[in-house]
Amino acid sequence: MLKQGDTFAVFDRYGDIQPAGLGEEGLYHEGTRFLSRLRLLLHERRPLLLSSTVREDNLLLTVDLTNPDYSVKGDVVLERDTVHVFRTSFLWHGTCYNRIQVRNFALRPISMALTMLFAADFVDIFEVRGMRRERRGTVLPARVEPSSVELAYRGLDDVVRRTRLSFLPPPVEVSESAAVYQIEVPAHESEDIYIQVSCDAGEALELLSFDKAAVAAAADISDLRTHDATLRASNELFNDWLNRSAADLHMMVTHTPKGPYPYAGVPWFNTVFGRDGIISALEYLWINPELARGVLGYLAATQASQVNPDQDAEPGKILHETRRGEMAALGEIPFGQYYGTVDATPLFVMLASAYYRRTADQAFIETIWPNIERALEWIEVYGDSDGDGFCDYARKTDKGLQTQGWKDSVDSVFHADGTLAEAPVALCEVQGYVYAAWRAAAEIATALGFSERAVRYDNNADRLQERFEEAFWCEELSTYALALDAHKRPCRVRTSNAGHCLFAGIASPLRASRVAATLLDETSFSGWGIRTVASTEARYNPMAYHNGSIWPHDNALIALGFARYGLQHQAEKLLNGLFDASLYMDLRRMPELFCGFTRRDCEGPTRYPVACAPQAWAAGSAFLLLQACLGLTIDAPRAQIRFFRPYLPESLERLWIQNLRAGAATVDLFVERHPNDVGVSLVRREGNVDLLIVK
């Protein structure tokens, strides 16, 4: 996987793109596949793979290949492993830059035919995912020049999308589907071929040389990391996980006019998602708050202002997702600008408060205060559709999502006997988010001088907490019900959703401990993490998307919930499980989810075949899990960095935290595990900030 801005690419291990596997390979831009084939041949045969990898910073895909035996009339004229073919690919501003370096290790010159096959099908990402369309647009005639080829398609939305392939040096033969080189390479010398593949959907594209584009792309990655706090542990395997997670999160960031925004995931969700962006920003908030500011700015600017059933939009509601492909433009899918989510709106308010507490950036919070107020109005006016005091969902368009919590599969909200809950549905975690949103709004209102409003918001939170405990608690299950259905019947099912109630703080301390114990028993905790649904439940399936699988971000939020109630040892169990899982993942990359089978000795977790990897909130989970174990909070308005019952797992003896900001201050810290506790030392301090350790 490579991703930059609104462009991403899925290659095979040879560096090729071809219709294989799940059919997702390709070069995509703004929701359309602009290249569906890119295959390298040597003497009309596929080269042999030596190795391939994505660089640690996710900038480059590098592939090492060599030649098979090449025979003429039965005689081998070029022995295998004589030629080294080194492919390098990266993305920059809508263009895939490719360099093919051919190095001859023979004692004599060689002559070799090198062919690049290519094609563009211009299908929408939703077609790749399996949707069928009654009609498609028109493929336009290809334009073939001596050193370039242009493939084009006019969509039903009347947009002409063009794929431009440029070749340097020019090939000896070029057609609308192939470019052929006849390479002459002296002994121990090399020749380079450069291929640029540009995605043009009507915008002006700036094409650079391979080297200049590589420098610009590297500088962009470096800029993203400038304000990050840096972490280094005594365990190098743990460092590998942290480094890959940071690189994945940075790769998922796209620059918008409102600031950086982490797109959800590659390949299926390479776009803005409200919920995903908010949670990713929360996970990374202590490392770098700039993501949170970008997310808040973008979501404030796109907040719904009117009722539009086709978009599931209502005034004050926060965006669920936005898409820019042909099908979205035509309304074949409702996701051009879609608001069918019940939780993004309270989460938006939660993130605003968390950002303020992290940065003391009151000037920015003042600019989005009207958006916060409109979000609260949505919770009160539209969020409770049946007036029972709980925030619920029921879709307004048949094309929209039927289930509108984070577990948005059609079968993810059900009763103990497996029957699906009837809408409107009030999810337990959403009540927690709303509770936390009222508390967050009270905190912001107090900071802005609106004391009367702060009192009202706190009162709203108090009343909701009381109603929630009465309606959702299931004594016989030692946890909160998954949801209330349209008839106010609780869905008495053990799920990970209840853990989010700890994250939000709505759970009473006594019940929080019981929920934690339930989540960590053998029916819910697989050994790798907490399952979305316990193995005792009717719809449990460890291979299902939301009914028994393990999601890293889900576990990270639960871990922070454990820490909120002083349960750092329980949080450590989740950190250990996911860290161990990372050791079995390609590139140490945490996927969107994996299967919920019970952990088996000497085996890794079972993969979920179509999981996004990277996925922004999966990448961010490592940092939130670590924050939970450390009990770390930053209170910039009070100029405090606080460690509450800090804990380090046995796999981590020491941890160095550098360039950690609190408002205008910056510190370096050293954390060390001792036999009976954890020590935190202040190594460097610039500016006014106090370090508090509560044990």
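Higher on the page you've got the structure.
So, here is what we can say about the structure in this document. The numbering scheme is per chain: residues are counted from 1 as the chain's sequence reads. Local features in this predicted model are restricted to residues whose pLDDT is 70 or higher, and side-chain atom pairs enter the listing and the counts only when it is 80 or higher, whereas totals over whole chains, interfaces and linings include all residues. The basis for every side-chain value is the complete set of heavy atoms in the structure, and neither hydrogens nor water enter the calculation.

## Let's talk about the overall build of the protein chain
Only DSSP runs of H or I reaching four residues or more are called helices, and only runs of E reaching two or more are called strands; each is numbered from the N terminus. Each helix and strand counted, the protein chain has 15 helices and 33 strands in total. At 27 Å, the protein chain has a C-alpha radius of gyration in line with the 26 Å of a compact globule built from 695 residues. Counting only C-alpha atoms and orienting by the principal axes, one finds that the protein chain spans roughly 85 × 60 × 50 Å. For the protein chain, buried positions account for 60% of its 695 residues. It only takes one pair of heavy atoms within 4.5 Å for two residues to be counted as in contact. In the protein chain, the proportion of contacts linking residues at least 24 apart, taken out of those at least 6 apart, comes to 65%. In this description the radius of gyration comes from C-alpha coordinates, and the expected globular size is given by 2.2 Å times residues to the power 0.38. We call a residue buried when its accessible area falls under 20% of the maximum for its residue type, exposed when it is over 50%, and partly exposed in between, using a 1.4 Å probe and counting protein chains only.

## Thoughts on the pairing of strand S31 (residues 665-673)
Of all 9 residues in S31, 7 are buried, a share of seventy percent or more. What makes two strands pair is DSSP finding at least two bridges between them. By the bridge criterion, 7 bridges tie strand S30 (residues 654-662) to S31 in an arrangement that is antiparallel. Paired with isoleucine 657 across the two strands is leucine 669, which belongs to S31. Of the strand pairs in this sheet, S31 and strand S32 (residues 678-686) are connected by 8 bridges, and their pairing is antiparallel. Bridged to glutamate 672 within S32 is glycine 679.

## A closer look at helix H11 (residues 497-504)
Burial runs high along H11: 8 of the 8 residues are buried. Residues Asn497, Ala498, Gly499, His500, Cys501, Leu502, Phe503 and Ala504 constitute the buried set of H11. One or two positions beyond H11, positive phi appears at glycine 505, with a value near 90 degrees.

## A look at the pairing of strand S4 (residues 32-35)
When strand S3 (residues 26-29) meets S4, the two strands line up antiparallel, connected through 3 bridges. Residue pairing for S4: leucine 27 is matched across the bridge by leucine 35.

## Observations concerning the sheet that holds S32
Strand order in the open sheet formed by 4 strands is S19-S30-S31-S32, and the pairing between neighbours is antiparallel. Looking at the sheet topology across the chains shown, the edges are occupied by strand S19 (230-233) and S32. In this sheet, adjacent strand axes meet at a mean angle of 15 degrees when their direction is disregarded. With 4 bridges joining them, S19 and S30 adopt antiparallel strand pairing. In the strand pairing of S30, threonine 230 is matched with glutamine 658. Between the N-to-C directions of two axes lies an angle of 0 to 180 degrees, each axis being a line fitted to C-alpha atoms and, for a helix, fitted only over the stretch in contact. Contacts between helix H15 (residues 616-630) and the sheet are confined to S19, S30 and S31, with S30 contributing the most and set at about 100 degrees to the helix.

Shape is all these values report; function is a separate question.
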